[in-house]
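Residue-level structural notes
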Amino acid sequence: MTRAIVRLTVNEHAVERSDVPDDERLLDTLRWRLALKGTKEGCRTGDCGACTVLVDGQSALSCLTLTREVEGRSITTIEAGPTDARVARVRAAFEAAGALQCGYCTPGFVMSLAGALTEQGASASRAELLEALGGNLCRCTGYGAILRAVDRLRVEGP
Amino acid sequence: MAPFELVVPSSVEEAVAALRAADPAETAVLAGGTDLLLDVDEHRIDPRRVVSLRRLPWRTLDWTGGVLTVGSTLPLRSLEMDPEVARRYPALVQAVGAVGSVALRHRATLGGNLVRSAPASDLVPVLLAYDAVVDLVGPRGDRSVPVDRFIQASRKVDLERGELVRSIRLPEPRPSAYLWQRVRPANDISQVAVALAFAPHERSWRVAVAGVAPRPTLLADVAEHLGRGRPDEAAVARAARLASERSKFQTDRRASEEYRRRLVATLLRRAIGSVLRAGGVPP
């Protein structure tokens, strides 16, 4: 079966693939075709937030997003750390607060917060940042340190 | 699971034609996909063709004639973030904010939520309380259906072959509130939810409940007990008792019938308090 080429921008790199099935999820394209394993598969039902990435700066669940539905758009993943100022800022806050235990959920938390900083601006309120995390679960229940990272994000400013 | 073919029409006419020609049993319509793709993954449906609405010009928010018209494929998050919607349709924004998570609402749509017609939908009760109207396009032309008639049962709506939801109209801003109770605030389904609105021109209330079988429902007799303006404490107590008695609750894994009966009375009393405090309801 011949497939149309799908074009994406992933972490500021142009990507063209002709091997993406119509029903493939963005999560699988990132992990298995582009070898970007930072984005995690948790529940695959939209409940845990581990697969959160940004689509044109907005947080999205990559397990419930068809790759071909985001044709032409700009995808940001946890690997964007060094080149994306917002992702870098959130990552630094998580590191400084020691906001991870096993680390599996961390990319999802970081990307949800990076999305909130994009949507609400760098001076997002604590309530706005916490709302953005409502869909992220940490099975280690390491929420205390994650909340400290959120506070650090606010104190340290842009 | 057999892979499906994704069809992406670039006009409304093309989308309607594609749906009309397709076998409904093998075809699904994709808006945000946050519910549809779950059904695919869990083998509740196995479509051969999925028709995506992403290129249709329906990601709109329109105030023509003082009526709020929401395009069916507008992401819920865009609706929620609009300050004018928040000011004039407070319960709508409260209900949208109860759906999934922020990341989910960046993709999920009002049209999709309606057509999927979940018994515990947060949006259906609020649309009932605003007397919203669903605008459809199809092979035989346009038609409009009140939400109360459009929603028939779980996963069942008044949509003919080839028809699509173009927009949802909310004819007038109303003092309103939407309150819910659930185990987890995000990414969960309400045990019970109450949508309350006061229709200023008719001077009458609307009460809708979710978490009931088989679909979110307007409770007309409860609304009547609230009278034609601000209800007194006795009227509120009567309405709360009646809501508890009349709602068709069932026991399931989320909550028992008895718990839901208590909950609906509490949520209704709180919703009334919230609407009266916000102002806009005459004595």
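Residues numbered from 1 in each chain as written. Chains lettered and ligands numbered in written order. Predicted model: local features only at pLDDT ≥ 70, side-chain atom pairs only at ≥ 80, totals over all residues.

Points about the overall build of chain B
For clarity, the cut-off: Only runs of H or I of at least four residues qualify as helices and only runs of E of at least two qualify as strands under DSSP, and these elements are numbered from the N terminus. The globule rule is 2.2 Å times the number of residues to the power 0.38, and the radius of gyration it is compared with is taken over C-alpha atoms. Between the buried cut of 20 or more and the exposed cut of 12 or fewer other C-beta atoms within 10 Å of a residue's own C-beta lies the partly exposed class, and all C-beta atoms are placed from the backbone. A pair of residues counts as a contact when their C-beta atoms, built from backbone coordinates, are within 7 Å of each other.
Across its full length, chain B carries twelve helices and 14 strands. Its C-alpha atoms give chain B a radius of gyration of 19 Å, within 12% of the compact-globule value 19 Å for 283 residues. With respect to the three principal axes, the spread of C-alpha positions in chain B is 60 × 45 × 30 Å. Relative to its 283 residues, chain B shows a buried fraction of 50%. Partitioning the contacts of chain B with sequence separation of at least 6, the portion at a separation of at least 24 is 63%.

A few points about the packing of helix α11 (residues 233-246) of chain B against helix α12 (residues 257-278) of chain B
All names here are of chain B. To keep it simple, the criterion reads: Axes here refer to lines fitted to C-alpha atoms; in helices the fit is confined to the stretch in contact. Angles between the N-to-C directions go from 0 to 180 degrees. Helix crossings get a hand from a simple test, with the near helix turned counterclockwise from the far one by less than a right angle marking a left-handed crossing and a clockwise turn marking a right-handed one. Residue type decides the class: Asp, Glu, Lys and Arg count as charged, Ala, Val, Leu, Ile, Met, Phe, Trp, Tyr, Cys and Pro as nonpolar, and the leftover types, Gly among them, as polar.
Viewed as axis vectors pointing N to C, α11 and α12 meet at an angle of 145°, and their least axial separation amounts to 8 Å. Crossing of α11 over α12 shows right-handed handedness. Contacts between α11 and α12 involve V236, A239, A240, R241, A243 and S244 on the former and, on the latter, R261, V264, A265, L268, R269 and I272. Looking at the contact of α11 with α12 residue by residue, the classes come out as eight nonpolar, one polar and three charged.

Considerations on the environment of B:S244
Residue and element names in this part refer to chain B. In this fold, S244 is placed in helix α11. Sequence separation of S244 and L226 is 18 residues, and the distance between their C-alpha atoms is 15 Å. Residues within four places of S244 in sequence aside, it is in contact with R261, V264 and A265.

Description of the nonpolar core
Heads up, the condition is: One nonpolar core equals one set of buried Ala, Val, Leu, Ile, Met, Phe, Trp, Tyr and Cys residues connected by C-beta atoms within 7 Å.
A:L113, B:V194, B:A195, B:L196 and B:L268 are the most contacted members of the largest nonpolar core, which has 137 residues in total. If you tally residues by element for this core, the top one is α12(B), at eight residues. Excluding residues that lie within four positions of it along the chain, B:L268 makes contacts with B:V194, B:L196, B:V207, B:A239, B:A240 and B:A243.

Structural notes on the pairing of strand β5 (residues 68-71) of chain B
Residues and elements named next belong to chain B. The test is simple: Pairing between strands is defined by DSSP: at least two bridges between the two strands are required.
Note: strand β4 (residues 61-62) against β5, two bridges, orientation antiparallel. The residue of β5 that forms the bridge with D62 is T69. In this structure, the hairpin formed by β4 and β5 is closed by a connection of five residues, where G65 is found at a positive phi of approximately 70°.

Regarding the interface of chain A and chain B
On the chain B side, the residues contacting the 23 residues of chain A number 21 residues. Mapped by element, the contributors of at least two residues to the side of chain A that touches chain B are β4 (58-61) and α4 (126-132) of chain A. At four residues, β4(A) tops the list of elements feeding residues into the side of chain A that touches chain B. Here the side of chain A that touches chain B is composed, by residue class, of six nonpolar, ten polar and seven charged.

Some details on the domain arrangement of chain A
Residues and elements named next belong to chain A. Applied cut-off: Residue ranges for the domains originate in an automatic or database domain assignment.
Looking at chain A, the domain boundaries give domain 1 (6-79) and domain 2 (85-156). Look at where the C-alpha atoms of domain 1 and domain 2 centre, and you get two points 20 Å apart. At the interface, 15 residues of domain 1 touch 16 residues of domain 2. When contributions to the side of domain 1 that touches domain 2 are tallied by element, the ones reaching two or more residues are β3 (52-55) and β4.

Some remarks on the sheet that holds strand β12 (residues 192-199) of chain B
Residue and element names in this part refer to chain B. Reading across the sheet, the four strands line up as β11-β12-β13-β14 and stay open at both edges, with antiparallel pairing between neighbours. One side of each edge strand has no neighbouring strand; the edge strands of this open sheet are β11 (176-181) and β14 (217-218). Alignment of strand β13 (residues 204-210) against β14, held across two bridges, turns out to be antiparallel. Residue V209 lies in a different strand from β14, and its bridge partner there is T217.

Some points on the environment of B:K248
Its location among the elements puts B:K248 in the loop between α11 and α12. Aside from chain neighbours lying at most four places away, what touches B:K248 is B:V212 and B:A213.

Points about the sheet that holds strand β10 (residues 164-170) of chain B
Residues and elements named next belong to chain B. What the five strands build is an open sheet, ordered β4-β5-β10-β6-β7; its pairing is antiparallel. The two strands at the open ends of the sheet, each matched to only one other strand, are β4 and β7 (143-146). As paired elements, β5 and β10 share four bridges and run antiparallel to each other. Bridging from a neighbouring strand, V70 pairs with I168 of β10.

Comments concerning the domain arrangement of chain B
All names here are of chain B. The domain architecture assigned to chain B consists of domain 1 (5-52), domain 2 (61-170) and domain 3 (176-278). Between the C-alpha centres of domain 1 and domain 2 there is a distance of 19 Å. Opposite the twelve residues of domain 1 that make contact, domain 2 presents 17 residues. Here the side of domain 1 that touches domain 2 gets five residues from one element, more than from any other, and that element is helix α1 (residues 12-21).

Remarks on unusual backbone geometry
The omega angle of the peptide bond from B:A213 to B:P214 is -10°, so this bond is cis rather than trans. Checked against the element boundaries, B:P214 lands in the loop between β13 and β14. Even without a glycine there, the phi angle at A:E12 is positive, about 75°. Tracing the sequence through the fold places A:E12 in the loop between β1 (6-10) and β2 (13-17). Here A:E12 falls in the exposed class, since 11 other C-beta atoms lie within 10 Å of it.

Some remarks on the pairing of β11(B)
Residue and element names in this part refer to chain B. The element β11 is largely enclosed, with a buried count of five among its six residues. Note that β11 and β12 share six bridges and pair antiparallel. If you follow L179 over to β12, its bridge partner there is V194.

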